[in-house]
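Structure assessment
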Amino acid sequence: MVYGRWTIFYFDASKKDAMLSHLTSQLDKMTNEVTGAVQGRLVQVAENRMVVHATYENKEAADAAAERASGIRASMGEFVTEPPIIREGELVWGVDPEGQAPGSPTPDASYMTFRATDIDSSKYDALIAYMDSKKEQFRGLSGLLRLRIGRIAENRIVAAAIYDSKASSDSAQENAAAVMAGGSELFTGNVVLLQGDLVWSGRPNS
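Anyway, here's the lowdown on the structure attached to this text. Here the structure is a predicted model, which is why all the values come from computation and not from measurement.

**Quick look at the environment of Arg68**
Secondary-structure assignment places Arg68 in helix α2 (residues 59-74). As a C-alpha pair, Arg68 and Gln26 span 42 residues in sequence and 9.7 Å in three-dimensional space. Residue contacts for Arg68: discarding those within four places in its chain leaves Lys29, Met30, Glu33 and Val34.

**A short note on the environment of Ile157**
By the secondary structure assignment, Ile157 is in strand β7 (residues 156-163). When the C-alpha atoms of Ile157 and Asn175 are compared, they prove to be 18 Å apart, with 18 residues separating the residues in sequence. Ile157 has contacts with Arg115, Ala116, Thr117, Ile119, Leu127, Ile149, Gly150, Arg151, Ile152 and Phe187, leaving out every residue within four places of it along the chain.

**Considerations on the pairing of strand β2 (residues 37-46)**
Walk down a regular strand and you will see the side chains alternate between the two sheet faces. Counting buried residues in β2 gives eight out of ten residues, a clear majority hidden from the surface. One ladder, built from eight bridges, connects β2 with strand β3 (residues 49-56); its direction is antiparallel. From the neighbouring strand, Gly40 faces β3, where its bridge partner is Ala54. The hairpin turn running from β2 into β3, its antiparallel successor, is two residues long. Pairing of β2 with strand β8 (residues 187-202) involves five bridges; the strand directions are antiparallel. Across the sheet, residue Leu42 finds its bridge partner in β8, namely Trp200.

Reading the values: rules and limits
- Residues numbered from 1 in each chain as written.
- Predicted model: local features only at pLDDT ≥ 70, side-chain atom pairs only at ≥ 80, totals over all residues.
- Heavy atoms only, no water.
- Helix = DSSP H or I, 4+ residues; strand = E, 2+ residues; numbered from the N terminus.
- Contact = heavy atoms within 4.5 Å.
- Buried < 20%, exposed > 50% of the residue type's maximum accessible area, 1.4 Å probe, protein only.
- Pairing = 2+ DSSP bridges.

Structure, rendered in structure tokens:
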């Protein structure tokens, strides 16, 4: 099963350009050289905070890439201001609007949201069934290019959504809130929303 890793880090905003030059070159190499890498994305979610969102063919590939990722983090010492937060897990649910085949490039992507929330782990199967019932509703959202849910703990998930613009993302938030409200017995709270511009994206060349 496809596996995701999300690395949230804070950086010195005055060094953003140098940091991006250093980090994106390292991410380009990693995406192309690590067996099983599927996609890498870098999203700025605050003036001094970014998220590296990486996906792999399976957990084994992600584990094999962990040492390389650790080396990249170690090389960022002059730019980061505190230890990163790392979350990872299997991608357990997803939807691709018409024209966006799973695994295909998303050249129009420019904005992403990451919505993490606690769930009732005893109702996990019901949660997946509920989300399946909403697929057509998500497919109808203008500007949504891809949506994936990763299970990052027994009782916590993160939904990563890719849009063609911030305006499309803003328009979709009412739908996201309605979905969560409709499944209130499944989503149990402690919601964290990060969102921002996509500043880098990479896929293996071959």
